[in-house]
Amino acid sequence: MHGSNMLPYLMRRYAARSLAEVGVCTGQTSVSVLDTALRSGVQLERYYLIDAWGSRACRPGCGCHSKLQKVAARFPELTLLRGYSVPTAPRVPNASLDLAFIDAAHDFANARADILAYWPKVKRTGVMAGHDFAHYRNWAGLREEWAAGIRPPPPTKQGVKERVPPAYGVAQATQELFPHCRVQVLWNVWWVEMAECAGPMTDNFDQNLGNRPLQPRRKGAGNRAAKKQASALEVGP
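Below, the structure is looked at part by part. Bear in mind the structure is a predicted one, so any value in this text is a computation, not a measurement.

### Thoughts on the pairing of strand 7 (residues 189-193)
Then step 1. Within strand 7, five of the five residues are buried, leaving the element largely enclosed by the surrounding structure.
Then step 2. Judged by which residues are buried, strand 7 turns out to be covered on both faces: Val189, Trp191 and Glu193 on one side and Trp190 and Val192 on the other are all buried.
Then step 3. Judged from the four bridges that link them, strand 5 (residues 122-130) and strand 7 form a sheet pairing that is antiparallel. Following the sheet pairing, Val127 is matched in strand 7 by Glu193.
Then step 4. Turn length for the strand 6 (residues 183-186)-strand 7 hairpin, with the two strands adjacent in sequence and antiparallel, is two residues, and the turn residue Trp187 shows positive phi of about 50 degrees.

Pasting the structure below:
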């Protein structure tokens, strides 16, 4: 299920009025949240949309900043923050959010960094959540490794599938940071209730799967590996 369904669900479930969506792209989820609020008679206090938005066309790319500016002109509760997620985090006040939704890069390093950057932004009564729990292809991390010369790029697009093993970065980041907390997962979206969790653990990087990718041995094993990894997490509505 897309984040455009689950973020409105979480907003209603936890009566969130101050939100941040980290990783917006075309704004499909943002429009769904605004539509849900209007239909429910809910007045949002503040809704931060955080994305670099890039330079590619809006569809199929994410260069949608100008279009979302037109949307923001109609909704004063919207605040567009253009920039990469972690450097932009200081522009959101600490302890100001009822709900932070992480949906930017899905590789382990970036997902982990986003969670750590936005955790202080959420109220102690709020919720930290994110999309693509079982996302398996970490394009952002791969591009960074190619640019840094850590991993040679494959010669063809088909070579990516043949030479790059799946790595469930979001699942691994949540497992490393929240082994002591109740992580709920529904339709590929994860969330942690702040009141039940003292905070992410950052000193156990070498003791968990988070420091290395899952590498399924046969076709179809990837999804099973992610599900097995999630077995320690609570899955529920």
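Still to come is the rest of the account.
### Brief notes about the pairing of strand 2 (residues 46-51)
Then step 1. Extensive coverage of strand 2 is indicated by the burial of five of its six residues.
Then step 2. Bridge analysis of strand 1 (residues 18-22) against strand 2 gives five bridges, and the strand direction is parallel. Looking at strand 2, one finds that Glu21 is bridged to Leu49.
Then step 3. Traced from strand 1 through helix 2 (residues 28-40) to strand 2, the parallel crossover comes out right-handed.
Then step 4. Relative to strand 3 (residues 78-82), strand 2 runs parallel, the two being bridged by five bridges. Its bridge partner lying in strand 3, Leu49 is registered against Leu80.

### Structural notes on unusual backbone geometry
Then step 1. Although it is not a glycine, Trp53 adopts a positive phi angle of roughly 65 degrees.
Then step 2. Position of Trp53 among the secondary structure elements: in the loop between strand 2 and helix 3 (65-74).
Then step 3. Residue Trp53 is classed as buried on the basis of its relative accessible area, which comes to 1%.
Then step 4. Positive phi is not limited to glycine here, since Trp187 has a value of about 50 degrees.
Then step 5. As for its placement among the helices and strands, Trp187 is situated in the loop between strand 6 and strand 7.

### Some thoughts on the state of the cysteines
Then step 1. Applying the stated rule across the entire model yields two disulfides.
Then step 2. Across the disulfide, Cys25 is cross-linked to Cys62 (sulfur-sulfur distance 1.9 Å). On the S-S bond that ties Cys25 to Cys62, the torsion sits near -75 degrees, and the link is left-handed. Residue Cys25 is found in the loop between strand 1 and helix 2, and its partner Cys62 is found in the loop between strand 2 and helix 3; the two are separated by 37 residues along the sequence.
Then step 3. What makes Cys25 partly exposed here is its relative accessible area of 23%.
Then step 4. By relative accessible area, Cys62 is classed as partly exposed at 29%.
Then step 5. In this model, Cys181 is linked to Cys197 through a disulfide, with the two sulfur atoms separated by 2.0 Å. When the S-S torsion is 65 degrees, as for the bridge of Cys181 with Cys197, the disulfide is right-handed. Remark: Cys197 occurs in the loop between strand 7 and helix 9 (221-229) and Cys181 occurs in the loop between helix 8 (169-177) and strand 6; sequence separation between them is 16 residues.

Criteria and cut-off values
Residues numbered from 1 in each chain as written. Predicted model: local features only at pLDDT ≥ 70, side-chain atom pairs only at ≥ 80, totals over all residues. Heavy atoms only, no water. Buried < 20%, exposed > 50% of the residue type's maximum accessible area, 1.4 Å probe, protein only. Helix = DSSP H or I, 4+ residues; strand = E, 2+ residues; numbered from the N terminus. Pairing = 2+ DSSP bridges. Right-handed = clockwise from strand over helix to strand, strands pointing away. Disulfide = S-S within 2.5 Å.

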